[in-house]
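Geometric and topological summary
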There are 2 protein chains.
Amino acid sequence: MHLIVQKYGGTSVATAERIHAVAERIARKRREGSGIAAVVSARGGMTDELIRLAQEITDRPPRREMDMLLATGEQISVALLAMALDKLDVPAISLTGAQGGIRTDQMHTKARIRAVDTGRLVRELESGKVVIVAGFQGMNEVDDITTLGRGGSDTTAVALAAALGADICEIFTDVDGVYTADPRIVPGARLLPRISYGEMLEMASLGAGVLQPRSVEVAAQHHVRIEVRSSFNHNPGTIVEEVGTVEKDIVVVGVTHDANVVKVIVADVPDRPGLAHRIFAALADAGINVDVIVQTTKGEAVTDLIFTVSRDERDHTVEILERISGETGATRVEADESVAKVSIVGAGMVSNPGVAARMFGALSREGINIQVISTSEIKVSCLIAADAATRAVRAIHEEFELGEAGSDGAAGESPEAEPQGTV
Amino acid sequence: MHLIVQKYGGTSVATAERIHAVAERIARKRREGSGIAAVVSARGGMTDELIRLAQEITDRPPRREMDMLLATGEQISVALLAMALDKLDVPAISLTGAQGGIRTDQMHTKARIRAVDTGRLVRELESGKVVIVAGFQGMNEVDDITTLGRGGSDTTAVALAAALGADICEIFTDVDGVYTADPRIVPGARLLPRISYGEMLEMASLGAGVLQPRSVEVAAQHHVRIEVRSSFNHNPGTIVEEVGTVEKDIVVVGVTHDANVVKVIVADVPDRPGLAHRIFAALADAGINVDVIVQTTKGEAVTDLIFTVSRDERDHTVEILERISGETGATRVEADESVAKVSIVGAGMVSNPGVAARMFGALSREGINIQVISTSEIKVSCLIAADAATRAVRAIHEEFELGEAGSDGAAGESPEAEPQGTV
């Protein structure tokens, strides 16, 4: 049977009216004969409301108990969606993450999926039911509820699609797909009909909030074809998949910006082997993601270590760095929120020298100072002043002519037309 | 170790302030050395809010999905209470009904507990943690979430106390205990320091809403000592336990009234064996509780069957009776909500003739017409006009001098003083 995994985000189920619309969409596909497993997030605003309840009780809720609390958000969504399908006479059953077989590791509030036990899912699908699984949550080895971190429902959906061998994983959201830049900032931004896993991973990691980066990793690993599309219309969205040959003249697919960063400076670390490792291992153990790492030697055998973390990790990061300052010898830890990260992404970059230089040139012409640069094979990121981010993104988008269909060989085609086409 | 099971109702955890107060109470007991398992209900208003969400989606939510939805209410409560205990540095862990080992039958929205798998509960208690279990919910054989019906958290608490061999099961509520009558109606109502399981069961079934009747059944069966008391003060409450000899002059312990009743009349049923069975079996299969059954023969070999159900079962009951009217031959089904049930309860009644007559006399002197009478060994119930209920309860309370301490041999004693005392 043709099997589709669909994921609906919080805005897609925020009101009774929206839930009915989602149920109608599922019902139509089901009546066409496809098997459907739908993954649903907490209703818009619900997670924030639960966090507020916890904060009324304590500043530092234990992470295990936060997971117990937050998991109720998705549980409410799946029950309501199952009711809406029942009203349409479409047999459906809701499942918590645990019932849906989502097994995770022990890291509460940012657990990783270790396995999907598909026994019950397959049974319910074979009996003809639409299966509705609570996103964002799972169960660890000791039968405790875990959650997967912000955007975790995407990963639930991709993991289910992989485990069930689904034909496609449709991620429904409140935008039409993946754009060359944030359309709220760059009016000429263009919808990408197709993007590779690698590029999507960088885009997602660098602030294009349409997919949780971890979900793209899982998709790439298991060759799950993703379509990112809107739950508010029936337009085709962006297909994320393995992409073949990359045309050399389409080096940059998109520009991202991320305001959710803090620049952390660990000052005057003695220039001795092992100290950087000590610092980043301590942060990794706490589950803190670090990006854009640079090290500057200042002479006198001390260096400044500079890197970024997300804003909600700021306090935790500073606390850890101060705790280990006796070992690292750092004289000072600074956290600066007045920065933003702008990046260009494109798989063609590796074989096209001079791409980074064009980006720096665009920023320079705008009089924007680059504080820190970080590159990989398929991206270049610059840390700049937060208040220059919009100008920076527009200038870079223009420099690489991303708004023009001609810049992308696949533009204007149906995304179904040529799965192995260029990006 | 001395082990206490405590149950906190919805008003006891309705606000952050109340949750902190409950945590303080638990912390004090815990520091005195007792092991504690706390069962918690959904926060006041939460269940109604969830029901409202379901009603926004559909008039007839599937019962399985209602359970999925409603179970989130208690899950939120237990997580928040565990956070509050953590803040007091009291090790604690929250568990859903399923995690707490509450195994039930399949009857969604009014499931019965079949077993308590105490493995994890014992492990967590032995590790020194306060265990906080979501009341009202459990898991059935196919790992689906079930709920136990209104007041089900009481039954969760008693079942846990039985399974764990707890020394006492304390039911914390917003009243001081069990009274001779509802103090809001009878200002002279007296707190009962002690009551037998049988009497408590009748009181609870007849409208004294302090305990779910099912919880009293389970307590009687497993000899679980219950104390009903207030979470708003530290006064002793009412002990519910096996009671020995019953003094003949204390025949009536309390008067109850229940406005949540509908009088159902099934008119002109042919007077043939098996028809009454057909009717009540159909209602029992639907899980509808029937009370105060009477049958009146009208000549011509037809009878009227009269009984009561609770108001929320009204529509379901009428629907079933109309569906089987072809078999029963009934010409008419009526449902009358303008009634109330007033009852007297007392284990001494069985050996004291004339008690019912005194009740009828009190109603007669007030000019209150009795529509239907139903008696058991330890109670007499009368169906009367709803608007006469308050006058009826006051008159009966006065007739049996229930407000006077002298009417109860145990009054004024500490409830701890003489566990086998009279009632």
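Just so you know, these numbers come straight off a predicted model, no measurement behind them.

So, the overall build of chain A
The number of helices and strands found in chain A is twelve helices and 20 strands. Taking 22 Å as the expected radius of gyration for a compact globule of 423 residues, we find that chain A reaches 22 Å, a close match to that expectation. Projected onto its principal axes, the C-alpha positions of chain A cover 75 × 55 × 35 Å. Among the 423 residues that make up chain A, the fraction classed as buried is 50%.

As for the domain arrangement of chain A
Domain annotation for chain A reports domain 1 (3–174) and domain 2 (246–423). Placing a centre on the C-alpha atoms of domain 1 of chain A and another on those of domain 2 of chain A gives a separation of 32 Å.

Details of the packing of helix α3 (residues 63–87) of chain A against helix α2 (residues 46–57) of chain B
At a closest axis distance of 9 Å, the pairing of α3(A) and α2(B) adopts a crossing angle of 30°. Considered as vectors, α3(A) and α2(B) are oriented roughly parallel to each other. For α3(A) against α2(B), the interelement crossing comes out right-handed. Judged by residue contacts, A:Leu80, A:Met83, A:Ala84 and A:Lys87 of α3(A) engage B:Leu53, B:Ala54 and B:Ile57 from α2(B). Within the contact of α3(A) with α2(B), the residues separate by chemical class into six nonpolar, no polar and one charged.

Details of the interface of chain B and chain A
Where interface size is given, it is often the accessible area lost as the parts come together that is meant. Facing the 26 residues of chain B at the interface are 26 residues of chain A. For the side of chain B that touches chain A, the secondary-structure elements that each account for two or more residues are α1 (16–31), α2 and α3 (63–87) of chain B. For the side of chain B that touches chain A, the element with the most residues is α3(B), which contributes 14 residues. Its residues placed into classes, the side of chain B that touches chain A shows 16 nonpolar, five polar and five charged.

A look at the packing of helix α5 (residues 152–164) of chain B against helix α7 (residues 213–222) of chain B
Each packed pair of helices is defined by two parameters, the angle between the axes and the distance between the axes. Residue and element names in this part refer to chain B. The geometry of α5 relative to α7 is characterised by a closest axis approach of 8 Å and an angle of 10° between their N-to-C directions. When the axis of α5 is compared with that of α7, the two are roughly parallel. Here α5 runs over α7; the crossing is left-handed. Contact residues: α5 offers Asp 154, Thr 155, Val 158, Ala 159 and Ala 162, while α7 offers Arg 214, Ser 215, Val 218, Ala 219 and His 222.

Looking at helix α11 (residues 355–365) of chain B
All names here are of chain B. Within α11, burial applies to Met 359, Ala 362 and Leu 363. Projection of α11 onto a plane perpendicular to its axis shows the buried side chains occupying an angular sector of 95°, all on one side. In α11, the exposed residues that point more than 90 degrees away from the buried face are Ala 357, Ser 364 and Arg 365. Looking at the buried residues of α11, the elements they touch are β18 (339–345), β20 (379–385) and α12 (389–399). Residue Gly 367 follows α11 closely and has a positive phi angle near 75°.

Some details on the pairing of β20(B)
Residue and element names in this part refer to chain B. Counting buried positions along β20 gives six out of seven residues, so the element sits mostly inside the fold. Where β18 and β20 come together, seven bridges link them in antiparallel fashion. Paired with Val 345 across the two strands is Lys 379, which belongs to β20. Where strand β19 (residues 372–376) meets β20, five bridges bridge the pair, whose relative direction is antiparallel. Note that in β20 the partner of Val 372 across the bridge is Leu 383.

Focus on unusual backbone geometry
A positive phi angle, near 45°, is found at A:Val292, a position not held by glycine. Of note, the phi angle at B:Asp89 is positive, near 60°, even though the residue is not glycine.

Things to note about the sheet that holds strand β13 (residues 254–258) of chain B
All names here are of chain B. Sheet architecture is open: four strands sit in the order β13-β18-β20-β19, paired in antiparallel fashion. Each of the sheet's edge strands pairs with one partner strand only, and the pair in question is β13 and β19. Neighbour to neighbour, the strand axes of the sheet diverge by 20° on average, direction disregarded. Its contacts with the sheet place helix α6 (residues 197–205) against β13, β18 and β20, and it is angled at close to 170° to β18. Packing of α11 onto the sheet brings it into contact with β18, β19 and β20, and relative to β20 it is tilted by some 20°.

Some remarks on the relation of the copies chain B and chain A
One copy of the chain maps onto the second through a rotation around an axis plus a translation along that axis. Least-squares fitting of chain B to chain A yields an RMSD of 0.1 Å, with the transformation described by 0.0 Å of translation along the axis and a rotation of 180°. Taken together, the rotation angle and the small translation identify this as a two-fold axis. By C-alpha distance to the rotation axis, the residue of chain B lying nearest is B:Thr72, at 2.6 Å. Interface residue correspondence from chain B to chain A reaches 100%, placing this contact among same-surface, isologous pairings.

Observations regarding the sheet that holds strand β15 (residues 291–297) of chain A
All names here are of chain A. An order of β15-β16-β14-β17 is seen for the four strands of this open sheet, with the pairing classed as antiparallel. Two strands bound the open sheet, and with one partner strand each, they are β15 and β17 (332–336). Between one strand axis and the next, the sheet turns by 15° as a mean value, whatever way the strands run. When strand β14 (residues 261–270) meets β17, the two strands line up antiparallel, connected through five bridges.

Comments concerning the environment of B:Val342
All names here are of chain B. Within the fold, Val 342 resides in strand β18. C-alpha separation for the pair Val 342 and Ile 396, spaced 54 residues apart in sequence, amounts to 9.2 Å. Those residues in contact with Val 342 that lie beyond four places of it in its chain are Val 255, His 257, Cys 382, Ile 384, Ala 389, Ala 392, Val 393 and Ile 396.

Brief notes about the confidence of the model for chain A
When pLDDT is averaged along chain A, the result is 89, and 93% of the positions lie at 70 or above. Two numbers describe this predicted complex: its pTM, 0.84, and its ipTM, 0.82.

With respect to the nonpolar core
Membership of the largest hydrophobic core comes to 248 residues, with the highest contact counts inside it found for A:Leu81, A:Ile132, A:Leu160, B:Leu81, B:Ile132 and B:Leu160. Filtering out sequence-adjacent residues up to four positions away, B:Leu160 remains in contact with B:Val5, B:Ala37, B:Val39, B:Val116 and B:Val133.

Thoughts on the environment of A:Gly73
All names here are of chain A. Secondary-structure assignment places Gly 73 in helix α3. Look at Gly 73 and you get buried, because 27 C-beta atoms sit within 10 Å. Considered as a pair, Gly 73 and Lys 7 are 66 residues apart in the sequence and their alpha carbons are 15 Å apart. When sequence neighbours within four positions are dropped, the list of residues in contact with Gly 73 reads Ala 42, Arg 43, Met 46, Thr 47 and Leu 50.

Digging into the environment of A:Asp105
All names here are of chain A. The residue Asp 105 is located in the loop between β4 (102–104) and β5 (113–116) in this model. A count of 14 C-beta atoms within 10 Å places Asp 105 in the partly exposed class. Considered as a pair, Asp 105 and Val 290 are 185 residues apart in the sequence and their alpha carbons are 21 Å apart. Not counting chain neighbours up to four residues away, the residues in contact with Asp 105 comprise Ala 111, Arg 112, Arg 114 and Asn 140.

Here is what the cut-offs are and how they apply
- Residues numbered from 1 in each chain as written.
- Chains lettered and ligands numbered in written order.
- Predicted model: local features only at pLDDT ≥ 70, side-chain atom pairs only at ≥ 80, totals over all residues.
- Helix = DSSP H or I, 4+ residues; strand = E, 2+ residues; numbered from the N terminus.
- Rg over C-alpha atoms; globule rule 2.2 N^0.38 Å.
- Buried ≥ 20, exposed ≤ 12 C-beta atoms within 10 Å, placed from the backbone.
- Domains from an automatic or database assignment.
- Axes fitted to C-alpha atoms, helices over the stretch in contact; angles between N-to-C directions.
- Parallel < 35°, antiparallel > 145°, perpendicular 65-115°, else oblique.
- Left-handed = near helix turned anticlockwise from the far one by under 90°.
- Contact = placed C-beta atoms within 7 Å.
- Nonpolar A, V, L, I, M, F, W, Y, C, P; charged D, E, K, R; others polar.
- Arc of directions from axis to C-beta.
- Pairing = 2+ DSSP bridges.
- Least-squares fit on C-alpha atoms with pLDDT ≥ 70 in both.
- pLDDT = per-residue confidence, 0-100.
- Core = buried A, V, L, I, M, F, W, Y, C linked by C-beta atoms within 7 Å.

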